[in-house]
Amino acid sequence: MEIDTVKERAGPREFSAADEMPLEYREAATRMIEFHANSEIMGAYLERPFIREAPSIDRKLAYSAKVQDEIGHGQLLYRAAESLGVKTREEMLDDLANGKGKFLNCFHYPMKSWPETAMIAFFVDGAAMRRQATLRRTSWEPYAHAMDKVCFEEGFHVKHGESILAELMTGSKKEQEMTQEVFEMWWPRIIQFFGPTDDKSTHHDFSADVGLKTQSNDDLRNLFLREYIPKAEKYGLEIPDEPRIRQRDDGTYEVEEGDLDWDEFFTIAKNEYEPGLGQINGRKEAQKAVQWVRDTLEWENVPEGTAKPQAAD
Amino acid sequence: MIWEVFRQEEQGDYHTHCGNVHAPDREMAKQFAAIQHARRKPTNSIWVVPKDEIGELDADENSFGGVTDKSYRWAPTYKSDLDHAAEVIDSEGQQAEAEKQRGDA
Ligand SMILES: [Fe+2]
Ligand SMILES: [Fe+2]
């Protein structure tokens, strides 16, 4: 299919493996879905320690269920990415381990205390869900199908996160203070989740033209702020003074870009943010530690020319 | 040879199982499937799969999930009086539906 035809036909769930898609489309879709898949995995690794550190058995059960869900989302998405024929699942997992694979800014930051789990599970999952809901209308059908299942499950993550937040914000004064403190730390990162404000050049970018993305970063950030500022306030959180956020007459928001740390953001985007290297290396170690399992399972990866394992082996 | 047939109504929908056909080869299976399963219902695409190629695992040999009460992993368990985002309400509705099916089983 010619790229012009792709742009003409672009619409929700329009293209699937049955279509001959041009390389440019397949590469853009792979980049986007691989990033998404990596983010699911890295998010799961960030939250995993809190299965052990959960303050109650209910939280422990919920956290282990959530982490299991996120790993599952990663698997679904690697399948959707693989279906484009640009990169294999192995290549994507290896790139993630060797520090080449890119993933969401929020999952580069170390997470140390229990109140931070509410920042991830309520606000980051809430932000992710806003975006994912729009991706059910992406033009790559396997991606849209993966989003159906992800969105089905995500409601639990957000509501469980909210439940943690509610518990902390109605708890002791100390708990409330700690929660406000981590909120102030995470708030700018969460706003950066949606990337820099659209400028003229990125507004009509390729992914939008071919229907991979259905909403701009600006729209998504707006949708998020409109929905989640009142929720944060309802639970007694105070929105930090910076970044300055102004509400326009039409109800949309203007975020003062200069108040956000874009150097840090772009260092993160290159996988070079020092405090975040622990996340990347931790996941690499985990991959190494279970290499023996992979070796016994992945017969497809036996190098050409060596005998395939037989039933009698 | 038996071929299982999966029909997709519209572009972007899931291919769902709708029956099977008896045919000597893939080409004939596609034609039979089109006639038997896509003649009267709107159809965008049809898959035919040799029955022998399908692996099956049933509830007698395996204990699947979704039968025990794991309320901690369902959104409706977490009560709040917040006005949730549309997609959260959507997800919660779908989960409530799935949980109801577990009750029916
Ligand atoms: Fe997820
Ligand atoms: Fe999630």
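Residues numbered from 1 in each chain as written. Chains lettered and ligands numbered in written order. Predicted model: local features only at pLDDT ≥ 70, side-chain atom pairs only at ≥ 80, totals over all residues. Heavy atoms only, no water.

Caption draft 1: Here's a closer look at the overall build of chain B. When its secondary structure is counted, chain B shows two helices and three strands. Overall, chain B shows an N-to-C arrangement of helices and strands of β-β-α-β-α. C-alpha atoms of chain B, sized along the principal axes, occupy 60 × 35 × 20 Å. Counting across all 105 residues of chain B, residues that qualify as buried make up 27%. As displayed, chain B has an accessible area near 7,200 Å², and 49% of this comes from carbon and sulfur atoms. One way to put it: in chain B the 12 positive side-chain charges average out to a point 5 Å from where the 21 negative ones average out. (Helix = DSSP H or I, 4+ residues; strand = E, 2+ residues; numbered from the N terminus. Buried < 20%, exposed > 50% of the residue type's maximum accessible area, 1.4 Å probe, protein only. Areas by Shrake-Rupley, 256 points an atom, 1.4 Å probe, with all protein chains shown as cover. Lys, Arg positive; Asp, Glu negative; His and termini not counted. Charge placed at Lys NZ, Arg CZ, Asp CG, Glu CD.)

Caption draft 2: Spatial organisation of the interface of chain A and chain B. Chain A puts 34 residues into the contact, and the matching count from chain B is 26 residues. Roughly 2,400 Å² of surface becomes buried between chain A and chain B when both sides are summed, with 54% attributable to carbon and sulfur atoms. Of all residues in chain A, the largest losses of buried area upon contact with chain B belong to A:Phe152, A:Phe156 and A:Lys159, amounting jointly to 28% of the total for that side. Where chain A touches chain B, the interface holds five salt bridges. (Contact = heavy atoms within 4.5 Å. Buried area = accessible area lost by both parts, 1.4 Å probe. Salt bridge = Lys/Arg side-chain N within 4 Å of Asp/Glu carboxyl O.)

Caption draft 3: Structural detail: the domain arrangement of chain B. When the domains of chain B are assigned, the result is domain 1 (2-53) and domain 2 (71-102). Here domain 1 of chain B and domain 2 of chain B have C-alpha centroids that lie 35 Å from each other. (Domains from an automatic or database assignment.)

Caption draft 4: Looking closely at the state of the cysteines. All names here are of chain A. For the coordinates displayed, the defined rule picks out zero disulfides over all chains. Free cysteine: Cys 106, not disulfide-bonded; nearest cysteine sulfur from Cys 151 at 18 Å. The exposure class assigned to Cys 106 is buried, which follows from its relative accessible area of 0%. (Disulfide = S-S within 2.5 Å.)

Caption draft 5: Layout of the coordination of the iron ion (ligand 2). Residue and element names in this part refer to chain A. On the protein side, the iron ion (ligand 2) has Glu 70 (OE), Asp 125 (OD), Glu 154 (OE), Glu 154 (OE) and His 157 (ND1) as donor atoms, found 2.0 to 2.5 Å from it. In the primary structure, the donors to the iron ion (ligand 2) are separated according to the pattern E-x54-D-x28-E-x2-H. Between the iron ion (ligand 2) and the iron ion (ligand 1), a separation of 3.4 Å is found, and both are coordinated by Glu 70. Residue Glu 70 is found in helix 4 (residues 57-82), and its partner Asp 125 is found in helix 6 (residues 115-135); the two are separated by 55 residues along the sequence. (Donors = N, O, S within 2.8 Å, 3.2 Å for Na, K, Ca; no water.)

Caption draft 6: Highlighting the coordination of the iron ion (ligand 1). Summarising the metal site, the iron ion (ligand 1) is bound by the protein donors A:Glu40 (OE), A:Glu70 (OE), A:His73 (ND1) and A:Glu154 (OE), whose distances to it range over 2.0 to 2.5 Å. Taken together, the four donor atoms coordinating the iron ion (ligand 1) span angles of 86 to 170° at the metal, a pattern that classifies the geometry as irregular. (Tetrahedral: all angles 85-135°; square planar, octahedral: opposite > 155°, others 65-115°.)

Caption draft 7: Inspection of the nonpolar core at higher detail. Judged by nonpolar contacts, the single largest core of 82 residues is most densely connected at A:Tyr25, A:Phe107, A:Phe123, A:Trp140, A:Leu165 and A:Phe224. Of all the elements, helix 6 of chain A adds the most residues to this core, at eleven residues. Beyond its immediate sequence surroundings of up to four residues, A:Leu165 is in contact with A:Ala118, A:Met119, A:Phe122, A:Phe123, A:Thr179, A:Tyr235 and A:Leu237. Among the nonpolar cores identified, the runner-up in size contains seven residues, and B:Trp3, B:Ala29, B:Ala33 and B:Val48 belong to it. (Core = buried A, V, L, I, M, F, W, Y, C linked by side-chain atoms within 4.5 Å.)

Caption draft 8: The arrangement of the sheet that holds strand 1 (residues 2-8) of chain B in detail. Residue and element names in this part refer to chain B. Read from one edge of the open sheet, three strands run 2-1-3, paired in antiparallel fashion. Strand pairing shows two members of the sheet lacking a second neighbour, strand 2 (16-22) and strand 3 (45-50), which therefore form its edges. Direction aside, neighbouring strands of the sheet carry axes that sit 30° apart on average. For strand 1 and strand 2, the ladder comprises six bridges, and the chain directions are antiparallel. Looking at strand 2, one finds that Trp 3 is bridged to Val 21. (Pairing = 2+ DSSP bridges. Axes fitted to C-alpha atoms, helices over the stretch in contact; angles between N-to-C directions.)

Caption draft 9: Looking closely at a negative patch on the surface. On the surface, A:Glu181, A:Glu184, A:Glu238, A:Asp241 and A:Glu242 cluster together into a patch of negative charge. Relative to the elements of secondary structure, A:Glu242 occurs in the loop between helix 11 (217-234) and strand 1 (245-247). (Patch = residues over 30% accessible without salt bridge, like charges linked within 9 Å, V, L, I, M, F, W, Y side chains within 5 Å.)

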